[in-house]
Structure formats: C-alpha cells, structure tokens
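The chain contents come next:
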Amino acid sequence: QADMEAAERIFAALARGPVGEAYNHLQFSVQDEIDVHRVVLAWRAWTVLDLTGKQHAHTLLRQSVRFCADEEDRKRGSQHEVRRVLPKLLDEYRLLGRPLGRTRAPEPVPGGSIAALSGGVIAVLAAGIQSRPVSALLLIALGLGLLAAALALERRRNRLFPPHPLDWRQAWGPGYIMVLMLSVATVSFTVYGALLMETLLDATPLAAGLTIAAEWVSWTVAAIAFAGAGPRLEPALIRGGALIVMIGIAGLAGAMPKGRATALLPWVALLGAGFGIAWAFVMRRVVGSVPRSERERAASSLPTMQLLGYALGAAASGMVANLAGIGADAPRPCIKSAAFWLFAAFLPLAGLGVAAAWRLARISG
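Everything numeric here is computed off the predicted structure, so don't read it as measured data.

About the thresholds
- Residues numbered from 1 in each chain as written.
- Predicted model: local features only at pLDDT ≥ 70, side-chain atom pairs only at ≥ 80, totals over all residues.
- Heavy atoms only, no water.
- 1 Å grid on protein atoms, 1.4 Å probe; cavity = no way out; pocket = protein on both sides within 12 Å on 5 of 7 lines; lining within 4 Å.
- Points joined across faces, edges and corners; volume = space filled by probe spheres on them.
- Helix = DSSP H or I, 4+ residues; strand = E, 2+ residues; numbered from the N terminus.
- Phe/Tyr/Trp six-rings, centres within 6.5 Å; stacked < 30°, edge-to-face > 60°.
- Buried < 20%, exposed > 50% of the residue type's maximum accessible area, 1.4 Å probe, protein only.

This part takes up empty space enclosed by the protein. If you roll a probe as big as a water molecule over the atoms, it shows you where there is empty space left. Taken as a whole, this structure holds 1 cavity of 30 Å³ or more when the rule is applied. Approximately 60 Å³ is the volume found for the largest cavity. Together, Met 178, Val 179, Leu 182, Gly 274, Phe 275, Ala 278, Trp 279 and Val 282 line the largest cavity. Elements represented by at least two residues in the lining of the largest cavity include exactly helix H8 (173–200) and helix H11 (264–289). Counting residues per element, the lining of the largest cavity draws most heavily on H11, which supplies 5 residues.

This next bit is on the layout of surface pockets. Quantified by volume, the second largest pocket comes out at close to 450 Å³. For the second largest pocket, the lining is made up of 24 residues, of which Val 124, Leu 144, Leu 147, Leu 180 and Leu 312 are closest to its centre. Breaking the lining of the second largest pocket down by element, the ones donating at least two residues are helix H6 (111–127), helix H7 (133–153), H8 and helix H12 (295–324). Here the element with the most residues in the lining of the second largest pocket is H12; it accounts for 7 residues.

Taken as a whole and assessed by the stated rule, the structure comprises 7 aromatic pairs. A ring pair is formed by Phe 189 and Phe 343, whose centres lie 6.4 Å apart and whose planes are at 45 degrees; its orientation type is tilted. Note that Phe 189 is positioned in helix H8 and Phe 343 in helix H13 (residues 332–344), a separation of 154 residues in sequence. Classification of Phe 343 as buried rests on a relative accessible area of 2%. Here the aromatic residues Trp 216, Trp 219, Phe 275, Trp 279 and Tyr 310 are joined through ring pairs into a cluster of three or more.

Right, dumping it as structure tokens:
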C-alpha cells in the first residue's frame, strides 16, 4: 500500500507538466514487465484523451500506474524468470557497454523488377501459342519491352541480380549468360519430348516420362561424381560441362526424327550431366567474382536466371513448333521435321553458352 501511495504521488507531480512527458515517464513502468495488459491499458488511456480532453489525463493514466504497482506488489517474492536471467546475460556478454551494431535492415522485395520480369515472360509464353503471326509478333514485342524494363529497374539498389548480370565484360556476366543460354536451349526436350516420343516412337506415357526424368537423374549423378574436384579442374569442368550440353542438343536433333527410342537416352543423359558437371563450379565462380556485398544476391539469383531461361526457352520452342506445323492432326512428316528443328534451332544459343563458359573459366581462373 505504501508503494501504491508513493507511485500515485510521483505520477501526480509528473501529470502537472506536459501530458506527453507524463505518458513517456509512465512507459518505464509499463515496459518493466512482459504483460500485454500494461501496454494496452496505457495506450488506450492515451488515445481516449482526444475524446475526453487532456485535462483528464491524470485520471485516465493513473489507472496504469495503479495496475503496475498492484502487479509488482502481487508478484513480490515470485520474481519473473526474465528479470533473473536478463541481468546475468547483459553482464556475461557485456552488452550494456557495447556499441550498437551496424547491420542493415533487410532490403524490400524488388516488386517492380519481379512484376516486369513476370509480365515479360508471360507475354513471350503467350506468343508461343498464337496461330496468327501478327499476334505473336505483338506479344513478343511486348514481352521484350517488359524484360528490357526489368533490366532497367535493376539499376536501382533494390534489385534481383548483381549489377549488369548480362554484361560480357563483367567477371560474373559470362556465368549468367552461360546459364541463361543453355537453359533456353535445353528446355524444348522437357516441353515437347513426351509428345514427340509418343508420336514418332510409339512410346507409352510412362516410358516417355522416364526418359525425360533421365536428364535430371544424370544431373544429380554427375554433380555427385564431380563434387570433390579441386580448383585446378574447375576451368575444364565448366567448359566441358557446357560443351557436353551442346553435344546433347545436337544429338537429340539427329536422333529424335529417326524414331529410335534407345538412341535418345545417351543424348538425354548428356543434357543433364553437362549441367551437373559445371553447375557448382559456375555458382562458385560467379559468387566469388561479385563484390562482397552482392554475394548473397548472386547466390540466389543464378537459379532465378536459370528459371527465366527455361520460361523463355519454353516460349521459343512453342514458336518453333507452331512454325513447323505441329498440331493435333499434324501429319507424321511434319512432326519429324519439327523434331529436328525443336533442337537444331537452339544450337546457336547453346554455342553462345559454350563461349560464355570459356570466358568465365578464363576470366575467373
């Protein structure tokens, strides 16, 4: 009771001054305990002052004083665990005398870049299923414009990629170019492989699915097999992996139209194995070549570039299929022709990916 009367007297003296000062002094008692009721009671009393007028501040806010004092009296002898542990931690780690840290707050999500990138990919994907050339060209132009806008937005501090990710002159640029080009060049098998195998090879859906899965199995096996390779082998593995992917694409262009299922598996395995051999080392070199402040962004954005390549490649393969005349009732010779061009058309992009791999290995080596 003596504590309650003393607390009342102290707060009454404070309440004679500015109301805001009295409320601020009250916060020391409110925040001295982990109790939501303390916070809510004081805050609600403060907000009600707009209705009642500041002349009633002492009457309303003293309820918080009484609540805090009553809680202290009731819990005396059963001190909260936090009050026992916290002083020990502060003393043990010398936190009170330590200067404040300089850790930056997390950057906000680059919504503008994501929206422009997503819109561009969707527009290009829509172009891939258009039967009229004019509509396809308009959607392609829209998609490329949005992708250009996404790259322009990357000049801001809040961005998805390190600076100039597709700049050939940057140490990390060839790595992004390699991943983008090879992803675009290889995804046509994932998109149209099952259709071509079922139509030309009379494969069952299960057999077609297992053949497509062989690409990803070979990626995993190759990645495990070469995981222990040392730095001296990295340039050869990066170049060799990219070249193996290109050989796999060329092999599929020759084997798919001939209609032999057994001839596909070696080339499909090369697609995945090439990525599996090179991927970890490309990632390491790209992350190691960017400024230290960009390393987390680089590590997360390389898979993003890969997914972007798959999306653009799927759209491009749809355009190639449309130009080749693939449809529900397309004749077999037409599908055979498409089976060649769905892979051969992407060999120039794969060649650009190989050239980027050569440069990445040379610059960072």
